[in-house]
Amino acid sequence: MANLTSSTALPVLLDCDPGIDDAFALAYLACRDDVKTVGVVTTAGNVSQDDVLRNALGLTELLGMNAPVARGADAPLVEPLMTAEETHGPHGLGHAVLEECGRPDSRSGAQLWVDLAHQYPGRLVGIVTGPLTNLALALREEPELPRLLRRLHVMGGAINHRGNTGPTSEWNIAVDPEAAHEVFEAWGKASQRVVLGALQATEAVRLDEKHRQAVAQLKDHPVGAVLADALQFYFEFHQADGLGWCAYLHDPLVVANAVTGQFAKTRPLAVDVELTGTLTRGQTVGDELGRWGKEPNVDLLCDVDAEGFIEHLLTTLGGWVEGPSSGH
Ligand code: BDR
Ligand code: CA
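Residues numbered from 1 in each chain as written. Chains lettered and ligands numbered in written order. Predicted model: local features only at pLDDT ≥ 70, side-chain atom pairs only at ≥ 80, totals over all residues. Heavy atoms only, no water.

Draft legend 1. Representation of the pairing of strand β1 (residues 10–16). Most of β1 is tucked away, with 7 of its 7 residues classed as buried. The alternating pattern of β1 places L10, V12, L14 and C16 on one face and P11, L13 and D15 on the opposite face, and all of these are buried. Since β1 and strand β2 (residues 35–42) lie parallel, the crossover through helix α1 (residues 20–30) that links them has a hand, and here it is right-handed. Where β1 meets strand β4 (residues 125–128), 4 bridges bridge the pair, whose relative direction is parallel. What sits directly across from V12, in β4, is V125. (Buried < 20%, exposed > 50% of the residue type's maximum accessible area, 1.4 Å probe, protein only. Helix = DSSP H or I, 4+ residues; strand = E, 2+ residues; numbered from the N terminus. Right-handed = clockwise from strand over helix to strand, strands pointing away. Pairing = 2+ DSSP bridges.)

Here it is as structure tokens:
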């Protein structure tokens, strides 16, 4: 990988809810010398805002990432927060628990979105791997965000695919459906489409025992032990959930695709979120037949090269031993 200076590296803002797979996504970004993570925003989701913030501060500190970490909203726009300790562990990182360290940026998560979009006009790549609460709040502050960002990438939704939260809803959208609706609607009015990694794409990334062992061998990586303990818990959860001894690693695929353009193809689709359904609230509905008469607002990830991606992820994380990168 070329050793790029921070002025040529791709500026990335990650809005996340770490979260086991979010932790892998952060570690992946820190290993890339062609990426400069210029901000991290935390969204309450997998666990409470206090926990996701502590995890993001701890991980970025251990990873030597010199990026502001801003505390996002404590709860979704409309409904009370739901969390997923059974999936991600009591504090969000499975069997790993991080010490309190570092200080959050003085700005809110929404403000950091707005400030960074203005600081890097047309250059900032926004990636959301949690609920879309902060981005929706930022949009209310700065409706020009879809035009200010270079591109927005989101892990969320399930298009013509069963949910992983409700029968038809995926976690990140189900936590804050109103926020997701506002984001999809705003991008629908812009020329840029949201790059969306929904479950049918991210569930192709299914780690098995040999991958778990490879992560357990990341001994020289500053968060190797954290990732190994977190992944062990994730495997235990997936097994208890009837999915076998494995783990779906959703978020890193979306992040890697955002910074490399690889590991999946895309197809355009008009997507909206069901807000009022009595059985289907939080479902992402894709208008495959164009019945709404709306232009596509999403580029949906499809045809995932899961094997290639998992190898790339493990190689990238394992590459840490060669020394820190400017992605820090
Ligand atoms: C998404 O929900 C969370 O549990 C994961 O971190 C991922 O972002 C998958 O549905
Ligand atoms: Ca997540």
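Anyway, onward from the coordinates.
Draft legend 2. Examining the site of ligand 1 more closely. Neighbouring ligand 1 are 13 residues; D21, H88, N164, E170 and D251 lie closest to it. With respect to ligand 1, the side chain of D21 contributes an N or O atom lying 2.5 Å from an oxygen atom. Burial of ligand 1 by the protein amounts to 97% of the accessible area it has alone, namely 280 Å². Of all the elements in the fold, those that place two or more residues in the shell around ligand 1 are α1, α7 (171–175) and α12 (250–260). Taken together, the residues of the shell around ligand 1 sort by class into 3 nonpolar, 6 polar and 4 charged. (Near = heavy atom within 4 Å. Polar contact = N/O pair within 3.5 Å; in protein donor to acceptor, adjacent residues only side chain to side chain. Areas by Shrake-Rupley, 256 points an atom, 1.4 Å probe, with all protein chains shown as cover. Nonpolar A, V, L, I, M, F, W, Y, C, P; charged D, E, K, R; others polar.)

Draft legend 3. Main features of the pattern of salt bridges. Scanning all chains against the criterion turns up 16 salt bridges. One salt bridge in this structure joins D51 and R54, with 2.8 Å as the shortest N-O distance. Taken together, the residues span about one helical turn, with D51 and R54 both in helix α2 (residues 49–62) at a distance of 3 residues. Neither D51 nor R54 differs from the other in exposure class; each is buried. Ionic pairing is found between D299 and R193, a salt bridge with its closest N-O pair at 2.8 Å. On the criterion of sequence distance, the pair formed by D299 in strand β12 (residues 298–302) and R193 in the loop between α8 (177–188) and β6 (194–197) is long-range, its members being 106 residues apart. (Salt bridge = Lys/Arg side-chain N within 4 Å of Asp/Glu carboxyl O.)

Draft legend 4. Summary view of the sheet that holds strand β5 (residues 151–155). The strand order across the open sheet formed by 8 strands is β3-β2-β1-β4-β5-β6-β12-β9, and the pairing between neighbours is mixed. This sheet does not close on itself; its edge strands, each paired only once, are β3 (69–71) and β9 (265–269). Taken over all neighbouring pairs, the strand axes of this sheet differ in orientation by 25° on average, direction set aside. Pairing of β4 with β5, which is carried by 4 bridges, proceeds in the parallel orientation. Residue pairing across strands places V128 opposite V154, the latter belonging to β5. Strand contacts of α8: β5, β6 and β12, with the helix running at about 140° to β6, the strand carrying the most contacts. Across the sheet, α12 lies against β1, β2, β4, β5, β6 and β12, angled at about 165° from β5, the strand it touches most. (Axes fitted to C-alpha atoms, helices over the stretch in contact; angles between N-to-C directions. Contact = heavy atoms within 4.5 Å.)

Draft legend 5. Highlighting helix α10 (residues 209–216). Every buried residue of α10 is accounted for by H211, R212 and V215. Along the axis of α10, the buried residues cluster in a sector spanning 100°; they form a single face. (Arc of directions from axis to C-beta.)

Draft legend 6. Fine view of helix α11 (residues 224–240). The terminal C-alpha atoms of α11, which comprises 17 residues, lie 24 Å apart, in line with the 24 Å expected from a rise of 1.5 Å per residue. Buried residues of α11: G224, V226, L227, A228, A230, L231, F233, Y234, F235, F237 and H238, and no others. One or two steps after α11, the chain reaches G242, where phi turns positive at roughly 85°. (Expected span 1.5 Å × (residues − 1).)

Draft legend 7. Representation of the UniProt feature "domain: Inosine/uridine-preferring nucleoside hydrolase" (unreviewed entry) in the protein. UniProt records the feature "domain: Inosine/uridine-preferring nucleoside hydrolase" (unreviewed entry) for residues 12–310 in the present numbering. The distance from the first to the last C-alpha atom of residues 12–310 is 21 Å, and the span holds 38% helix and 16% strand. (UniProt positions renumbered as here; feature names shortened; annotations may be inferred.)

Draft legend 8. Just the nonpolar core, in detail. If you look at the biggest cluster of nonpolar residues, it comprises 63 residues, and the most contacted ones within it are L63 and L231. Element by element, the count of residues in this core is highest for α1, at 9 residues. Those residues in contact with L231, other than ones at most four positions away along the chain, are I20, F24, L207, R212, V215, A247 and L249. Listed in part, the 39 residues of the second largest apolar core include L13, A70, L145 and W187. (Core = buried A, V, L, I, M, F, W, Y, C linked by side-chain atoms within 4.5 Å.)

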